[in-house]
Amino acid sequence: MIEFIPTGPFSEVKMFRQDRIGQVERRRKQWQEGTLKRSLERFGVKEGRRFYTPADVKHFDFLEKVGFPGGYPFTADIYPSSVPGVSGAGYAVSGGGLVRAGDYSGYGTAEDTRDFYQYMARHHRVGGPNIAFDLPTQCGYDSDHPMARGEVGKVGVAVDTLRDFEVIYEAFAGDDDLDRIASNFTINAPCNVILAMYIALAQQRGIAIHKLRGTPQNDILKEFVARGTYIFPPQPSMRMIRDTITYCTEHMPLMNTVSICGYHLREAGATGAQVLGFTFSNAISYVKLGIDAGLDVDAFVPRLSFLNFGGSMHFFAEIALHRASRRMWAKIMGERFGAKNPRSWILRANTRAGIGNVSTTLQRPLSNLTRSVIGGVASALSGGGGDVRPRYDEPLGLGHSVEAYQLQADARRILEYECKLNEVIDPLAGSYYVETLTDQIEEEAWEIIHRIDAMGGAVAAIENGHMQREIARSAYEYQRQIETGERVIVGVNRFTGEQELEVLTSRLVEHPYDPKKRAEAEEKQLRKLAQVKRERDNGQVKASLRRLNEEAKDEKANLIPPILAAVKADATIGEICDVLRGVFGEYQAYDVAA
């Protein structure tokens, strides 16, 4: 049992003697006006490097601000210790009895993605699938829809019907059957359709659905703000998530229900404080959704997870951000929602500090490995396992080369086994600088949350365009800094002369995403879909869609059972979503330029 330690200004003895703080402040002033000033004048600069002292954290209370790993407020880490060889998702060496999905992947047809998973298994990349779906699937369109033309199988695998799902999972059977793996689905608006396919597949195989593990992304609020694969307006979209939470809480207790994503907000341009403030505001809305549906907070919150908060190259700021994030979530659940189950206080995220994909560059891409290793160090120092992400070839195209997998794996091994960075949890705890940064970003994030609360919550802040406008401003400012040279990016806006070298790696193994298969995917998928529509019982399809239409009109009805019936009848994802479009309508994007 994790002990809940009350917080407050008098909860524990402070770290520093207060009578000495005044002396430190006086000595700092003398140093600034003497030694530092003379040095700056000598070199002709106005501002020097910063230096922090106990005076910057004069009220620092260890038990209130940090505590112990695995204990409230989880600043140090959500776990009391780490498992050697395990570093989030992504084909890490399994250990400690953990069941995890593998890396985000998928392309072309279901057959192409099945072959990819079998290829990775032969190369000892373990873990269940973490499926990337193509844009038509994510937006609820069939492959034969005019809107899908040219996009089928491009940024992920095309899934139109249950038959596609069955083919993908041919790669997972026997010792890797559905009750022995975890599956992740990066999909949002049509999430319940994909979840229904997983349920139907398990029932075909005689596997009880209460044994299924996995994580659908299902974070629709960030889609309205950052990513854009929404279908329905915010209110009916939230109803769909309510259905996921209530259905899984009752029938699939091992299934995470929402993977709340700060990553996409960050990639869209959000600052560190914004990504915490907006992500937690979204999370608060999901918690309220479950409570309003009649669930006890401790019955479903332990199955909410967080993807990550993206990242930047600001090394110490990212460490501080992740320390603050764990502390904030513990406070939100313990103080705001009164959760009693310690697992409800834990921010369940698969990564710690890192650089984020947005920090990688197309120019001189091998330099991205250096960036990612720096991110891996930040990960280890922020309570993580030295997770080196992203792979150096992230900006070069979809999928990753086997060489990139190898370099990433070796970098993580070096950090763990040679540098021994995983021997100590949160080694920067008590650092004057890091504790100051942690407090600062937490304070800024709370201000954002309170502002959104005053608007009526995250849904209202999306409907009135507040989140979209704020992220757009931050994105503009970021790009302005790059173009003016105020923000230096090596090989992009500085150090780009003719004497600089474009260093490349040798391709030793064929890329696991076959370009020929990708080029042929659309025509193959269209033929497959046409065959399904010819062979299925179309009377049964129509009957299942009529049932879905009627139940969708009843706001209290949970739509997963009628969606499951439609999926089993081989109704397509587009047909199902079209029924819901007819009832719910479609969302029109907020124009931030208006």
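These figures come from a predicted structure and were not determined experimentally.

Topic: the overall build of the protein chain
Piece 1. The secondary structure content of the protein chain amounts to 22 helices and six strands.
Piece 2. In terms of overall size, the protein chain behaves like a compact globule, its C-alpha atoms giving a radius of gyration of 25 Å where 594 residues would be expected to give roughly 25 Å.
Piece 3. Seen through its principal axes, the protein chain has C-alpha atoms that stretch 85 × 60 × 55 Å.
Piece 4. Taking all 594 residues of the protein chain together, the buried fraction comes to 54%.
Piece 5. Taking the intrachain contacts of the protein chain between residues at least 6 apart in sequence as the baseline, contacts between residues at least 24 apart amount to 77%.
Piece 6. Accessible surface for the protein chain amounts to roughly 26,300 Å². Of this, 52% is attributable to carbon and sulfur atoms.
Piece 7. Looking at the protein chain, you have 72 positive and 77 negative side-chain charges, and the mean spots of the two groups are 3 Å apart.

Description of the side chain of Gln217
Piece 1. Among the secondary structure elements, Gln217 is positioned in the loop between β4 (213-216) and α7 (220-227).
Piece 2. At 3.0 Å, the side chain of Gln217 and the side chain of Lys222 are in polar contact.
Piece 3. Once you skip the residues sitting within four places of it in the chain, Gln217 turns out to touch Phe185, Thr186, Ile187, Asn188, Lys222, Glu223, Arg227, Val258, Ser259, Cys261, His264 and Leu307.

Side note on helix α20 (residues 538-552)
Piece 1. Taking 1.5 Å of rise per residue, 15 residues should cover 21 Å, and α20 covers 21 Å from first to last C-alpha, within 8% of that figure.
Piece 2. In this structure, the buried residues of α20 make contact with α8 (234-251), α21 (560-568) and α22 (573-584).
Piece 3. Two or three places before Gly539, at the start of α20, stands the capping residue Asp537, its side-chain oxygen 3.1 Å from that residue's backbone nitrogen.

Concerning unusual backbone geometry
Piece 1. With an omega of 5 degrees, the peptide bond between Tyr72 and Pro73 qualifies as cis.
Piece 2. Its place among the elements puts Pro73 in the loop between α2 (62-65) and β1 (101-105).
Piece 3. With an omega dihedral of -5 degrees, the bond running from Arg389 to Pro390 counts as a cis peptide bond.
Piece 4. You can see Pro390 is positioned in the loop between α14 (367-381) and α15 (402-418).
Piece 5. The phi dihedral of Arg364 falls on the positive side, at around 45 degrees, and the residue is not glycine.

Quick look at the pairing of strand β2 (residues 128-132)
Piece 1. The buried fraction of β2 amounts to five of the five residues, a majority that puts the element mostly inside the structure.
Piece 2. With three bridges connecting them, β2 and strand β3 (residues 182-186) associate as parallel partners. In the sheet register, Ala132 faces β3, and the bridge partner there is Thr186.

Quick notes on the nonpolar core
Piece 1. With 119 residues, the main nonpolar core has Phe165, Tyr169, Leu276, Phe280, Trp329 and Met333 as its most contacted residues.
Piece 2. No other element matches the eleven residues that helix α6 (residues 191-204) contributes to this core.
Piece 3. The contacts of Tyr169, once residues within four sequence positions are left out, are Pro129, Ile131, Leu178, Ile181, Ser183, Phe185, Tyr198, Leu201 and Arg205.
Piece 4. One finds Ile319, Ala353, Ala378 and Leu428 within the second-largest nonpolar core, a separate group that totals six residues.

Some remarks on α14
Piece 1. Over its 15 residues, α14 extends 22 Å from the first C-alpha to the last, a length consistent with the 21 Å expected when each residue adds 1.5 Å.
Piece 2. Regarding α14, the residues found buried are Asn368, Arg371, Ser372, Gly375, Gly376, Ala378, Ser379, Ala380 and Leu381.
Piece 3. Among the structural elements, α12 (315-336) and α15 are those in contact with the buried residues of α14.
Piece 4. Positioned one or two residues after α14, Gly383 has a phi angle of 100 degrees, which is positive.

Remarks on the pattern of salt bridges
Piece 1. Under the counting rule described, the total for this entry stands at 41 salt bridges.
Piece 2. One salt bridge connects Asp177 with Arg205, and the closest N-O pair in it is separated by 2.7 Å. Of the two residues, Asp177 is situated in the loop between α5 (162-168) and β3 and Arg205 in the loop between α6 and β4; the sequence distance between them amounts to 28 residues.
Piece 3. Judged by its relative accessible area of 16%, Asp177 is buried.
Piece 4. Glu551 is the salt-bridge partner of Arg547, the closest N and O atoms lying 2.9 Å from each other.

Here we look at the side chain of Glu318
Piece 1. Position of Glu318 among the secondary structure elements: in helix α12.
Piece 2. You can call Glu318 buried: its relative accessible area is 2%.
Piece 3. What Glu318 contacts, discounting residues up to four positions off in sequence, is Arg266, Gly310, Gly311, Ser312, Ala353 and Gly354.

The rules behind each value
Residues numbered from 1 in each chain as written. Predicted model: local features only at pLDDT ≥ 70, side-chain atom pairs only at ≥ 80, totals over all residues. Heavy atoms only, no water. Helix = DSSP H or I, 4+ residues; strand = E, 2+ residues; numbered from the N terminus. Rg over C-alpha atoms; globule rule 2.2 N^0.38 Å. Buried < 20%, exposed > 50% of the residue type's maximum accessible area, 1.4 Å probe, protein only. Contact = heavy atoms within 4.5 Å. Areas by Shrake-Rupley, 256 points an atom, 1.4 Å probe, with all protein chains shown as cover. Lys, Arg positive; Asp, Glu negative; His and termini not counted. Charge placed at Lys NZ, Arg CZ, Asp CG, Glu CD. Polar contact = N/O pair within 3.5 Å; in protein donor to acceptor, adjacent residues only side chain to side chain. Expected span 1.5 Å × (residues − 1). Pairing = 2+ DSSP bridges. Core = buried A, V, L, I, M, F, W, Y, C linked by side-chain atoms within 4.5 Å. Salt bridge = Lys/Arg side-chain N within 4 Å of Asp/Glu carboxyl O.

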